[in-house]
Amino acid sequence: MSLSILVTGGAGYIGSHTVLQLLLGGYKVVVVDSLENSSQISLERVREFAQDHAPKLSFHQFDLRDRPALEKLFASEEFDAVIHFAGLKAVGESVQKPLMYYDNNIIGLIALLEAMAAHGCKKLVFSSSATVYGWPKVVPCNEESPICALNPYGSTKLFGEEMCRDVYKSDSTWKIILLRYFNPVGAHPSGAIGDDPRGIPNNLMPFVQQVAVGRRPALTIYGTDYGTKDGTGVRDYIHVVDLADGHIAALNKLSDPSFGCKVYNLGTGKGTSVLEMVAAFEKASGMKIPLVMAGRRPGDAEVVYASTERAERELNWKAKYGIDEMCRDQWNWASKNPYGYEPCVSTD
Ligand code: NAD
Ligand code: WQD
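Residues numbered from 1 in each chain as written. Chains lettered and ligands numbered in written order. Predicted model: local features only at pLDDT ≥ 70, side-chain atom pairs only at ≥ 80, totals over all residues. Heavy atoms only, no water.

Novice: Is there a simple way to explain the overall build of the chain in this structure?
Specialist: The number of helices and strands found in the chain is 11 helices and 13 strands. Taking 348 residues into account, the globule formula puts the C-alpha radius of gyration at 20 Å, and the chain, at 19 Å, falls close to it. In terms of overall dimensions, the chain has a C-alpha envelope of 55 × 45 × 40 Å along the principal axes. Out of the 348 residues in the chain, the part that is buried amounts to 54%. Considering only contacts in the chain between residues 6 or more positions apart, those separated by 24 or more positions represent 81%. (Helix = DSSP H or I, 4+ residues; strand = E, 2+ residues; numbered from the N terminus. Rg over C-alpha atoms; globule rule 2.2 N^0.38 Å. Buried < 20%, exposed > 50% of the residue type's maximum accessible area, 1.4 Å probe, protein only. Contact = heavy atoms within 4.5 Å.)

Structure, rendered in structure tokens:
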């Protein structure tokens, strides 16, 4: 019998890649997504690619805060574990609309934890973020590095982690993995699924890809005076398929009877500057990315990259792909889907 996994936010960027890897790995997958920041087409593409495994995927469109809908789902199905991606993730928007972020990310998590507890499903993988390291004084960031929140989005991740730790402290039959993702980029090598943010992209690579396909005139480089090799910010970019595989490794860990509640970084351990990333994308795509040099973006850190030792040692997981593969797959997705999952020109 295949294990049954509930994936919240499974139609989104990281979720859809993880759902595909789960199906290919033989899991049964139930997705809950409000589609507030995604398209159901991602799951249709996942089904096509999963072929014989496709019947093991089902989808329910509702908001996690809709408690009757959540209760009905848990009453009708038994889950071996939950992977919780659902939430809002735009840092700038969280500063403008903090309560919307607290409402979605915190109330959504509470509703989920309560439904899980009520139905005796006590294995959870929670999407946290490297954002909790703020502007780190020491790199690489390891799981014991100091954590803080620089914006409401970051606060929801910090509180989310803390809530999970408290739930575990109150009932040690829970098994919870908190995954701190660094900078997910790239797409499935098929080019069928990828990142399709609504409106103006906040993150570097979705913006670069929209410049490459002619949707935007130039990339603005935020900050050229950092104390880094070329003056631009340094980050730990990780291929989204590696990240998806990290979730399978986490699920395996949750089956260890002695496991409790623990945090793991998912990154590559390598720092890459903005200009290096742009150069790698230009090489992979053969496209020229026009650049506009600008001042620093408020709240941005100088250098952030992960120590990956704990995940390698305890989850038996290590990222396989480098920035050339990330850019190759990002371009493959972009060139095949210049408007993301939309069939024609969007109005953003
Ligand atoms: P995404 O927006 O593509 O996916 C999130 C999904 O959750 C979307 O499909 C959205 O419709 C859904 N959703 C949002 N609120 C919901 C709710 N209340 N009920 C049901 N569905 C809801 O984002 P992503 O990049 O795939 O990120 C997934 C998770 O990983 C998020 O929790 C995010 O904070 C975290 N994360 C993302 C990054 C990143 O750079 N992409 C980095 C670190 C952590
Ligand atoms: C990367 C680098 C920018 C856009 C964010 C969130 C974090 C996590 C991942 C969710 C930085 C530079 C960017 C642009 C640029 N998400 N840049 N021009 O800021 O490391 O992290 O996404 O958890 O919480 O904060 O990622 O992709 O926005 O930026 O020059 O148009 O690219 O200054 O140095 P970041 P990013």
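Picking up where we left off.
Novice: Got a minute to help me understand the site of ligand 1 in this structure?
Specialist: The immediate surroundings of ligand 1 are formed by 28 residues, with Asp-33, Asn-37, Ser-38, Lys-89 and Tyr-153 found nearest. Within the backbone of Ile-14, a nitrogen or oxygen atom sits 2.8 Å from an oxygen atom of ligand 1. Interatomic distance of 2.6 Å between a side-chain N/O atom of Asp-33 and an oxygen atom of ligand 1. Protein chains bury 96% of the 810 Å² of accessible surface belonging to ligand 1 in isolation. Elements supplying a minimum of two residues to the shell around ligand 1: helix H1 (13–24), strand E5 (123–129) and helix H6 (152–170). Looking at which element gives the most residues to the shell around ligand 1, the answer is E5, with three residues. Residue composition of the shell around ligand 1, grouped by class: 12 nonpolar, 10 polar and six charged. (Near = heavy atom within 4 Å. Polar contact = N/O pair within 3.5 Å; in protein donor to acceptor, adjacent residues only side chain to side chain. Areas by Shrake-Rupley, 256 points an atom, 1.4 Å probe, with all protein chains shown as cover. Nonpolar A, V, L, I, M, F, W, Y, C, P; charged D, E, K, R; others polar.)

Novice: Help me out: how do you make sense of the site of ligand 2 in this one?
Specialist: Taken together, the neighbourhood of ligand 2 is formed by 18 residues, with Ser-129, Tyr-153, Thr-220, Arg-235 and Asp-300 sitting nearest. One of the side-chain N or O atoms of Thr-131 is found 3.5 Å from an oxygen atom in ligand 2. At a separation of 2.6 Å, an oxygen atom of ligand 2 approaches a polar side-chain atom of Asp-300. For the shell around ligand 2, the leading source of residues is strand E8 (residues 219–222), giving four residues. Partitioned by chemical class, the residues of the shell around ligand 2 number eight nonpolar, seven polar and three charged.

Novice: So what exactly am I meant to see when it comes to unusual backbone geometry here?
Specialist: Glycine aside, a negative phi is what most residues show, and trans is what most peptide bonds show. In the segment running from Val-139 into Pro-140, the intervening peptide bond is cis, with an omega of -5°. Here Pro-140 shows up in the loop between E5 and H6. Unlike most non-glycine residues, Leu-35 shows phi in positive territory, near 65°. Within the secondary structure, Leu-35 sits in the loop between strand E2 (28–32) and helix H2 (41–50).

Novice: How do you make sense of helix H7 (residues 204–212) when you look at a structure like this?
Specialist: Along an α-helix, residues three or four positions apart point the same way, because every turn accommodates 3.6 residues. The buried count for H7 comes to nine of nine residues, which makes it a mostly enclosed element. Buried residues along H7 sit in contact with strand E7 (183–185), E8, strand E10 (237–239), helix H9 (274–285) and helix H11 (323–336).

Novice: Looking at this model, I keep getting lost on the packing of aromatic side chains. Mind explaining?
Specialist: What the rule picks out here adds up to six aromatic pairs. Centroid distance Tyr-102 to Phe-159: 6.3 Å. Interplanar angle 20°. Geometry classified as stacked. Of this pair, Tyr-102 sits in helix H5 (residues 98–118) while Phe-159 sits in helix H6, and the two are 57 residues apart along the sequence. Note on Trp-135 and Tyr-226: the rings are 6.4 Å apart at their centroids and 55° apart in plane angle, and the pair reads as tilted. Within this pair, whereas Trp-135 is found in the loop between E5 and H6, its partner Tyr-226 is found in the loop between E8 and strand E9 (234–235), the two being separated by 91 residues in sequence. Its end group placed over the ring of Phe-207, Arg-216 keeps NZ or CZ at 5.8 Å from the ring centre. (Phe/Tyr/Trp six-rings, centres within 6.5 Å; stacked < 30°, edge-to-face > 60°. Lys NZ or Arg CZ within 6 Å of the ring centre and 35° of its normal.)

Novice: Mind showing me how you'd approach the pattern of salt bridges here?
Specialist: As a working rule, side chains carrying opposite charge can pair if their charged atoms are close by. What the rule picks out here adds up to 20 salt bridges. Of the charged contacts, one joins Arg-65 and Asp-103 as a salt bridge, the two residues approaching to 3.3 Å between their closest N and O atoms. Residue Arg-65 is located in the loop between strand E3 (57–60) and helix H3 (67–76), and its partner Asp-103 is located in helix H5; the two are separated by 38 residues in the primary sequence. Residue class for Arg-65 comes out partly exposed when judged on its relative accessible area of 27%. (Salt bridge = Lys/Arg side-chain N within 4 Å of Asp/Glu carboxyl O.)

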